[in-house]
Amino acid sequence: MQHLGYVRTVEEVRKKWRWLAVVLGIAVLVATPSVISRLPVDPSDIGATELLEQVKSSTETPYSGYAQAVGGVIIPVTEGLGGLPDLLGDTTSLRAWYRAPDSWRVDTVRLAGERGLYRSPTRLWRWDYEQNTAVVTPVPEPSLRLPREADLLPPELGRRLLSEATADEVTRLPARRIAGRDAPGLRLVPSQPQSTVTGVDVWVDPGSGLPLQVDVLGAGATRPVVSTAFLDFSSETPDADTVRFVPPPGTDVQQQDGGDIASFADRLDTAGLPSTLSGLDLRPRGQGSVGIYGRGVTELFAVPLPRRAAGGLVEQLQSAPGAIVTDDSVAVSLGPLNVLVTGPTDDRRRYLLSGTVTAETLTTAAQQLGGAAT
């Protein structure tokens, strides 16, 4: 059995920091699947607030289904959840069996092969069929982690995006026929002026409260910058054997402690962050060096950078299309996501700022941190 040690030095992770700029606490945004039923639907008189509460209360609700995600724009979302860098810009087909938050399975089918993710109360298995490799990690996972394919499922993405929505931010949308079900719609319009997300549309299974399709609307976009939807869906409880993983004979079984570049960044020493940045309040989250400001789909991440990693990250971002370079800082816009690496502060620290907030919001945050970017 091969043991994978946790990343312990800055030098070992230096080349990976470029991904942190776009995957720390994000979910992949996908284009609208083309195969969605257009049959007539029955109208629903359920209120927006009631529908919102159904979605928020659906965490324990079992389901199974086949969903499709296509595309590659990315945004931060609540609680720092969210695919791996190779999810960007590709077609992802997902088959899910969900019994409970600690008992589920998600298979990802791609041109490069098939992968499975199995969760039990005590461990998480990552199974690569093509490579005949299984990686097991203990649970619970770190509070901050890199995204993965399972976060693309409509229930996961929908619940995260609506998790902090308030009643005055949501209105009803007409129902749609999705995966053979009449699904009433809900639109969230963020109230924070700093947001680059103009709306989130979610269509919900009225019996279970589970999101069946999620569209995210971005400022200046002519179509949704993300949409993920079920093509087949069932609210029946999957069989326990379906979500249980037993490594096949001959499998290369590896053990990992669950840490990744995101959790590594969260362990860095820092002098502390201000309680507000650009008018957004710091979220209370216990220990952790990464600061998360704002709520819902309007969030700003402030990440203290190791000195040896900061220079390399700046160089990598400077080569990105549309990069704006000012002295020692660099800023990049990726759809609704904006990224900025500050110049050195008074104590020589630099920060990675990223979020679904305007470029002006990040510039103000950099100035408030002392790493002015003009």
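The name given to the protein chain in an unreviewed UniProt entry is Transcriptional regulator, with Rhodococcus cerastii as the source organism.

**Student:** In this structure, what is going on with the overall build of the protein chain? I would like to understand it.
**Tutor:** Looking only at helices and strands, the protein chain has seven helices and 22 strands in total. Taking all 374 residues of the protein chain together, the buried fraction comes to 53%. Accessible surface, the protein chain: about 16,200 Å² in total, of which carbon and sulfur atoms supply 50%.

**Student:** Looking at this structure, I do not really get the pairing of strand E9 (residues 170–178). What am I missing?
**Tutor:** Along any regular strand the residues' side chains alternate between the sheet's two faces. Pairing of E9 with strand E10 (residues 181–188), which is carried by seven bridges, proceeds in the antiparallel orientation. Counted as the bridge partner of Arg-177 is Asp-182 from E10. In textbook terms, the turn of a hairpin is the stretch between consecutive antiparallel strands, and for E9 and E10 this stretch comprises two residues, one of which, Ala-179, has a positive phi near 55°.

**Student:** Just to check I follow, could you spell out the nonpolar core for this structure?
**Tutor:** Side chains of a nonpolar character, in soluble globular proteins, are inclined to be buried together. Judged by nonpolar contacts, the single largest core of 23 residues is most densely connected at Tyr-63, Trp-104, Val-106, Leu-153, Phe-230 and Phe-233. The contact partners of Leu-153, leaving out residues within four places of it in the chain, are Tyr-63, Ala-67, Leu-94, Ala-96 and Val-106. Leu-161, Leu-188, Val-226 and Val-297 belong to the second largest nonpolar core, which has 21 residues in total.

**Student:** Help me understand the sheet that holds strand E20 (residues 329–334), please; the structure alone is not making it clear to me.
**Tutor:** Here six strands make up an open sheet; going across it, the order is E17-E18-E22-E21-E20-E19 and the pairing antiparallel. Only two strands of the sheet have a single partner each, and these edge strands are strand E17 (291–295) and strand E19 (324–326). In this sheet, neighbouring strand axes are inclined to one another by 10° on average, regardless of whether the strands run parallel or antiparallel. Here E20 pairs with strand E21 (residues 337–341) via five bridges, running antiparallel. Following the sheet pairing, Val-332 is matched in E21 by Val-339.

**Student:** Could you clarify how one ought to interpret the environment of Leu-161 in this entry?
**Tutor:** By secondary structure assignment, the location of Leu-161 is in helix H4 (residues 154–162). A residue is classified by how much of its surface remains accessible, and Leu-161, at 1% relative accessible area, is buried. Placed 137 residues apart in sequence, Leu-161 and Thr-298 show a C-alpha to C-alpha distance of 9.7 Å.

**Student:** Help me understand the pattern of salt bridges, please; the structure alone is not making it clear to me.
**Tutor:** Side-chain pairing between opposite charges can occur once the charged atoms of the two side chains come close. Considering all chains together, one arrives at eleven salt bridges under this definition. Across the salt bridge formed by Glu-299 and Arg-283, the nearest N and O atoms sit 3.5 Å from each other. Placement of Glu-299 in strand E18 (residues 298–305) and of Arg-283 in the loop between strand E16 (280–281) and E17 is noted, with a sequence separation of 16 residues between them. The pair Glu-299 / Arg-283 is uniform in exposure class, with both members buried.

**Student:** In this structure, what is going on with unusual backbone geometry? I would like to understand it.
**Tutor:** When glycine is set aside, most residues are seen to have a negative phi, and most peptide bonds are trans. The residue Ala-179 is not glycine, and still its phi comes out positive at about 55°. Take Ala-179: it is sitting in the loop between E9 and E10.

**Student:** For this particular structure, what's the right way to read helix H3 (residues 48–56)?
**Tutor:** Working note: α-helix, 3.6 residues per turn, so residues spaced by three or four point in the same direction. Along H3, the residues classified as buried are Ala-48, Leu-51, Leu-52 and Val-55. For H3, the angular spread of the buried residues around the axis is 100°, confining them to a single face. Buried residues in H3 make contact with H4, E9, E10, strand E11 (197–204) and strand E12 (211–218).

**Student:** Where do I start with the side chain of Ser-227 in this structure?
**Tutor:** Tracing the backbone shows Ser-227 in strand E13 (residues 226–234). Here Ser-227 falls in the buried class, since its relative accessible area comes to 0%. For Ser-227, the side chain forms a polar contact with the side chain of Gln-213, separated by 3.4 Å. Among the polar contacts made by the side chain of Ser-227, one reaches the main-chain carbonyl oxygen of Val-214 at a distance of 3.4 Å.

**Student:** Please explain the packing of aromatic side chains as it appears in this structure.
**Tutor:** One pair of aromatic rings is described through two measures. These are the centre distance and the angle between the planes. Summed over the entire model, instances satisfying the criterion amount to eight aromatic pairs. Judged by centre distance (5.1 Å) and plane angle (50°), the rings of Trp-125 and Phe-245 are tilted. With Trp-125 in strand E7 (residues 123–128) and Phe-245 in the loop between E13 and strand E14 (252–256), this pair connects stretches of sequence that are 120 residues apart. The class of Trp-125 is buried, set by a relative accessible area of 9%. Here the aromatic rings of Trp-127 and Phe-245 are separated by 5.7 Å at their centres, their planes lie at 40°, and the arrangement is tilted. On the criterion of sequence distance, the pair formed by Trp-127 in strand E7 and Phe-245 in the loop between E13 and E14 is long-range, its members being 118 residues apart. Grouped by ring-pair contacts, the aromatic residues Tyr-118, Trp-125, Trp-127, Tyr-129 and Phe-245 constitute a single cluster. Over the ring of Trp-97 we find Arg-105, and its NZ or CZ is 4.4 Å from the ring centre. Positioned over the ring face of Trp-203 is Arg-176, at 3.9 Å from the centre of the ring.

**Student:** What is the right way to read the packing of H3 against H4 from this model?
**Tutor:** Two measures define how a pair of helices packs: the angle their axes make with one another and the distance between the axes. For the pair H3 and H4, the least separation of the axes is 9 Å and the interaxial angle reads 120°. Compared by their axis directions, H3 and H4 come out oblique. As for the relative orientation of H3 and H4, their crossing is left-handed in sense. Only Gly-158, Arg-159 and Leu-162 of H4 make contact with H3, whose side of the interface consists of Leu-52, Val-55 and Lys-56. Considered class by class, the residues forming the contact of H3 with H4 number three nonpolar, one polar and two charged.

Reading the values: rules and limits
- Residues numbered from 1 in each chain as written.
- Predicted model: local features only at pLDDT ≥ 70, side-chain atom pairs only at ≥ 80, totals over all residues.
- Heavy atoms only, no water.
- Helix = DSSP H or I, 4+ residues; strand = E, 2+ residues; numbered from the N terminus.
- Buried < 20%, exposed > 50% of the residue type's maximum accessible area, 1.4 Å probe, protein only.
- Areas by Shrake-Rupley, 256 points an atom, 1.4 Å probe, with all protein chains shown as cover.
- Pairing = 2+ DSSP bridges.
- Core = buried A, V, L, I, M, F, W, Y, C linked by side-chain atoms within 4.5 Å.
- Contact = heavy atoms within 4.5 Å.
- Axes fitted to C-alpha atoms, helices over the stretch in contact; angles between N-to-C directions.
- Salt bridge = Lys/Arg side-chain N within 4 Å of Asp/Glu carboxyl O.
- Arc of directions from axis to C-beta.
- Polar contact = N/O pair within 3.5 Å; in protein donor to acceptor, adjacent residues only side chain to side chain.
- Phe/Tyr/Trp six-rings, centres within 6.5 Å; stacked < 30°, edge-to-face > 60°.
- Lys NZ or Arg CZ within 6 Å of the ring centre and 35° of its normal.
- Parallel < 35°, antiparallel > 145°, perpendicular 65-115°, else oblique.
- Left-handed = near helix turned anticlockwise from the far one by under 90°.
- Nonpolar A, V, L, I, M, F, W, Y, C, P; charged D, E, K, R; others polar.

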